[in-house]
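Given next are the chains, with one letter for each unit.
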Amino acid sequence: MVIKRIDNDKCNGCRICVDACPMDVIRFDEENNKAVIKYATDCICCYNCEEDCPTGAIYVDPLRDPQVPPAW
Amino acid sequence: MAEKRLKTDVLVIGGGLAGCFTAVTARESGAEVILAEKNYCGKTGSSHYARDIMIFKEEWGDNFGEWMSQFDMIGEHIINQEWAEIILRESYPRFRDLVDWGVPFYLNDEFGDTSTGLVSYAIGSPAPEEEPFRYAFRKTKYRKVGKVAKYGERHKMMIARRKVLKSGATIIDRIMLTDLIKKNGRVIGAAGFHTVNGDLYFIEAKAVVIATGCLTFRGAWHGCRSNAGEGVTMGYRAGADLSGMEFGYGMYVVSDCDTVTIDGPIAEIGAKKDRVTNGLGEEFMDDIPHIPTNILWPIEVHKGNGPIYHEAYGMDREKFKDALDKYNKTAEGPWIEMLDRAGLDIFKDRFQQYMGFVGSTWAGGLLINTNCETTVPGLYAVGDAAGTDYTGPTYSALGSGMCSACVTGYRAGINAAKFARESIQLEASPEEIDSLKNTILTPLERKSGFQPDHVLLRIQQTILPYEVRMVMHGKRLEAALTMIDFFKEHFLPRMQATDSHQLRNVHEIRSMIAGAEIMLRTALFRTESRGWFFREDYPRRDDKNWLKWVRVKQDEKGQMQLSTEDVPRKWQGDLSLPYEERYPLQYGYGEEA
Ligand SMILES: Cc1cc2nc3c(=O)[nH]c(=O)nc-3n(C[C@H](O)[C@H](O)[C@H](O)COP(=O)(O)OP(=O)(O)OC[C@H]3O[C@@H](n4cnc5c(N)ncnc54)[C@H](O)[C@@H]3O)c2cc1C
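What this report covers is the structure whose coordinates are included nearby. (Residues numbered from 1 in each chain as written. Chains lettered and ligands numbered in written order. Predicted model: local features only at pLDDT ≥ 70, side-chain atom pairs only at ≥ 80, totals over all residues. Heavy atoms only, no water.)

## Quick look at the packing of aromatic side chains
Residues and elements named next belong to chain B. For the coordinates displayed, the defined rule picks out 17 aromatic pairs over all chains. Residues Phe-217 and Phe-357 carry aromatic rings whose centres are separated by 6.3 Å and whose planes lie at 10° to one another, so their mutual orientation is stacked. Of this pair, Phe-217 sits in the loop between strand 8 (200-210) and helix 7 (230-237) while Phe-357 sits in strand 13 (residues 350-360), and the two are 140 residues apart along the sequence. You can call Phe-217 buried: its relative accessible area is 0%. Measuring from ring centre to ring centre gives 6.4 Å for Trp-549 and Trp-571, while their planes differ by 65°; the resulting arrangement is edge-to-face. Note that Trp-549 is positioned in strand 19 (residues 548-554) and Trp-571 in the loop between strand 20 (560-566) and helix 19 (579-582), a separation of 22 residues in sequence. Side by side, Trp-549 and Trp-571 carry an identical accessibility label, which is buried. A connected cluster of aromatic rings, assembled from ring pairs, spans Phe-450, Phe-486, Phe-487 and Phe-491. For the cation-ring pair, Arg-89 lies above Phe-64, with the distance from its terminal atom to the ring centre recorded as 4.0 Å. The ring of Tyr-309 has Arg-350 lying over it, and the distance from NZ or CZ to the ring centre is 3.6 Å. (Phe/Tyr/Trp six-rings, centres within 6.5 Å; stacked < 30°, edge-to-face > 60°. Helix = DSSP H or I, 4+ residues; strand = E, 2+ residues; numbered from the N terminus. Buried < 20%, exposed > 50% of the residue type's maximum accessible area, 1.4 Å probe, protein only. Lys NZ or Arg CZ within 6 Å of the ring centre and 35° of its normal.)

In structure tokens:
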């Protein structure tokens, strides 16, 4: 489905997930020095962010988003 | 919001493998290079998710004639054999380049290039005799014709990024280019914006290389969903010819889990035992493997025999534990882990699957000559964005997408650098700049309007159902076209972007609408069936009329012009053969069923 959460306590502000996102879903909150989910509906479930996060702060839900109409 | 003006010799648009190759080669040929990527170069593009690369090497016993005849048979006699030969012959040198860049490949002593110990068939993959390419044969047997090297490395594109930077080229990330700048009939740069901070970008260049990948509708298949074909459609608007746009492709995906497929994991973990069944529980594919699912599955569904199930059997999870862990770490993705998370067991469950329609194929796109020049001076195209017709209406070999990205990228790098050396930079006129600014930014200025997610869903509902672009029919193509025309006339001019992120979405949708129209019109135009291209109303190959390529271009008045070019006689194969022999890959469509 989509990226569900970035755990604030675990996020170390490294920005790796921000770069890793091919859909610009994750943005960086400069004030709090944390990555934030900004455009969840554009998530394409590629798992880049979760895979690359060095602290395991990100969780992506793999259930397919019903928004994409299936071929049949 | 600032306005940035940059200048360079060669501008590369898109930072997948083809773009990286172009940038490195152009830089090493002496040109100043800027590579603009709408995401972060090194983490994106289909290239980031792909694993296998095709290598042809006579020293390994590969036979050129045999490879070409396979390409030709699978491509059903309308492939561009000149390009196919170039891609084959240059596959090994480009593979060596990747190795020099530091991209690791699985090591396999038995099948590998033992002199260097670098090349490879992945450890734990099926024996090459059984599955060199997962070719699609219905009535013929597999034949081993070559090797495929596998990327085991998830971060190969980061290695490519570092190579680009080391070469001295400049990378600008999060820059989405949307329109080409033209003067005196020549492309002299491109315009776009920063998707995060909204800054406008005008980049003037002596040569522009389109490396934006395939054209997709953000369908169900992962990995390429961020490619909406902007490069292809901006080239089209600049007057360049396109080729092969009627040939789309799909990939089968698990319905319940946003995961590519279970085929990859099954193949990878060593003991490939799987079956595909229809709604009646029948194994309708005989022993046909996977690539032709593109057309066989939709046809089965169309007969009323859906849905389609795919399952692995006779395997023991514990036994393959190590192989599974290894697979999770490949470039393709953590599929097994995600299946687990979704509560699905690859060893026990039967998976319902369907085709995720992608869009333009590896060989369809901006028509290029063997120097990778498009039909518009100053404009080049590479990789999935290029139209080389090397595979025709199918996919000729697993690993050839990556391979052709490297080969075309390398050639374009050399030729674009040469073109830049020999030309002077033309200045964009202030009127042109103003007009582009307008085109790019207007959606941001609207106070209300149609939102991107609304229009995206409409496009997907129109183009993704199997009965539109998989099992095609003139009437249904017309119907879809009616809707796309409506989106173009009604939604597009009224779309609103609330910020720079949504502006990106609007411009992707603008490209999808143009791309959908091109794909539907070209599909209507080709009144026959061939390879994966299946027209229910014209269910046979028509050698008399359609040993041809379909070309599209936009004329001066903005009208779409369709035309054909004959496949040279010498590439048409033996026309005296009976139909069944000429086309051994029978997909069971129409009268053949
Ligand atoms: C999941 C998956 C698995 C695959 N597996 C294999 C495989 O195993 N073997 C194989 O040979 N092929 C495989 N393919 C196909 C192969 O990946 C492609 O043929 C190849 O990577 C194309 O490279 P490219 O550089 O042309 O395009 P891409 O890698 O798609 O790169 C295009 C880049 O352009 C950028 N871009 C797009 N629009 C713009 C714009 N407007 N402005 C700026 N930048 C833009 C994109 O963000 C992207 O980074 C696979 C494809 C997918 C999707």
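## Here's the deal with the site of the ligand
Residue and element names in this part refer to chain B. If you check the shell around the ligand, you find 38 residues, and the closest are Glu-37, Ser-47, Asp-52, Asn-227 and Asp-384. In the environment of the ligand, an oxygen atom lies 3.2 Å from a nitrogen or oxygen atom belonging to the backbone of Leu-17. Note that an oxygen atom of the ligand is positioned 2.8 Å from one of the backbone N or O atoms of Ser-46. Elements represented by at least two residues in the shell around the ligand include exactly helix 1 (17-28), helix 2 (45-49), strand 6 (175-183) and helix 12 (400-422). In the shell around the ligand, the residues fall into 16 nonpolar, 16 polar and 6 charged. (Near = heavy atom within 4 Å. Polar contact = N/O pair within 3.5 Å; in protein donor to acceptor, adjacent residues only side chain to side chain. Nonpolar A, V, L, I, M, F, W, Y, C, P; charged D, E, K, R; others polar.)

## Considerations on the packing of helix 7 of chain B against helix 17 (residues 500-525) of chain B
Residue and element names in this part refer to chain B. For the pair helix 7 and helix 17, interaxial distance at closest approach is 9 Å and the crossing angle is 70°. One way to sum up the angle between helix 7 and helix 17 is to call them roughly perpendicular. At the point where helix 7 passes helix 17, the crossing takes the left-handed sense. Within the contact between the two elements, helix 7 uses Glu-230, Thr-233, Tyr-236 and Arg-237 and helix 17 uses His-507, Glu-508, Arg-510, Ser-511, Ala-514, Gly-515 and Ile-518. Residues of the contact of helix 7 with helix 17, tallied by class, amount to 3 nonpolar, 4 polar and 4 charged. (Axes fitted to C-alpha atoms, helices over the stretch in contact; angles between N-to-C directions. Parallel < 35°, antiparallel > 145°, perpendicular 65-115°, else oblique. Left-handed = near helix turned anticlockwise from the far one by under 90°. Contact = heavy atoms within 4.5 Å.)

## Things to note about the interface of chain A and chain B
The interface is formed by 31 residues belonging to chain A together with 51 residues belonging to chain B. Between chain A and chain B, roughly 3,500 Å² of surface is buried when both sides are summed, and carbon and sulfur atoms account for 53% of that area. If you sort the residues of chain A by the area they bury against chain B, A:Arg64, A:Ala71 and A:Trp72 come out on top, with a joint share of 24%. Where chain A packs against chain B, one counts 3 salt bridges. Of the charged contacts in the structure, one is a salt bridge between A:Asp42 and B:Arg218, with a shortest N-O distance of 2.9 Å. Looking at the side of chain A that touches chain B, the elements with two or more residues in it are helix 1 (16-20), helix 2 (48-52) and strand 4 (58-60) of chain A. Element by element, the count of residues in the side of chain A that touches chain B is highest for helix 2 of chain A, at 4 residues. Looking at the side of chain A that touches chain B, its residues break down into 20 nonpolar, 2 polar and 9 charged. (Buried area = accessible area lost by both parts, 1.4 Å probe. Salt bridge = Lys/Arg side-chain N within 4 Å of Asp/Glu carboxyl O.)

## Structural notes on the packing of helix 13 (residues 430-445) of chain B against helix 17 of chain B
Residues and elements named next belong to chain B. Orientation of helix 13 relative to helix 17, taken along the N-to-C sense of each, is 120°, at an axis distance of 10 Å. By the angle class used here, helix 13 and helix 17 are oblique. Remark: the crossing between helix 13 and helix 17 carries right-handed chirality. Here helix 13 contributes Thr-439, Ile-440, Leu-441, Pro-443 and Leu-444 to the contact with helix 17, which in turn contributes Ser-500, Leu-503, Val-506, His-507 and Arg-510. The residue makeup of the contact of helix 13 with helix 17, split by class, is 6 nonpolar, 3 polar and 1 charged.

## A look at the sheet that holds strand 12 (residues 308-312) of chain B
Residues and elements named next belong to chain B. Overall, antiparallel pairing links the 4 strands, which are arranged 10-13-12-11 in an open sheet. This sheet does not close on itself; its edge strands, each paired only once, are strand 10 (248-254) and strand 11 (274-277). Between one strand axis and the next, the sheet turns through 35° on average, direction left out of account. In the sheet, strand 10 pairs with strand 13 via 7 bridges, with the strands oriented antiparallel. Considered in strand 13, the bridge of Val-254 is made with Gln-353. (Pairing = 2+ DSSP bridges.)

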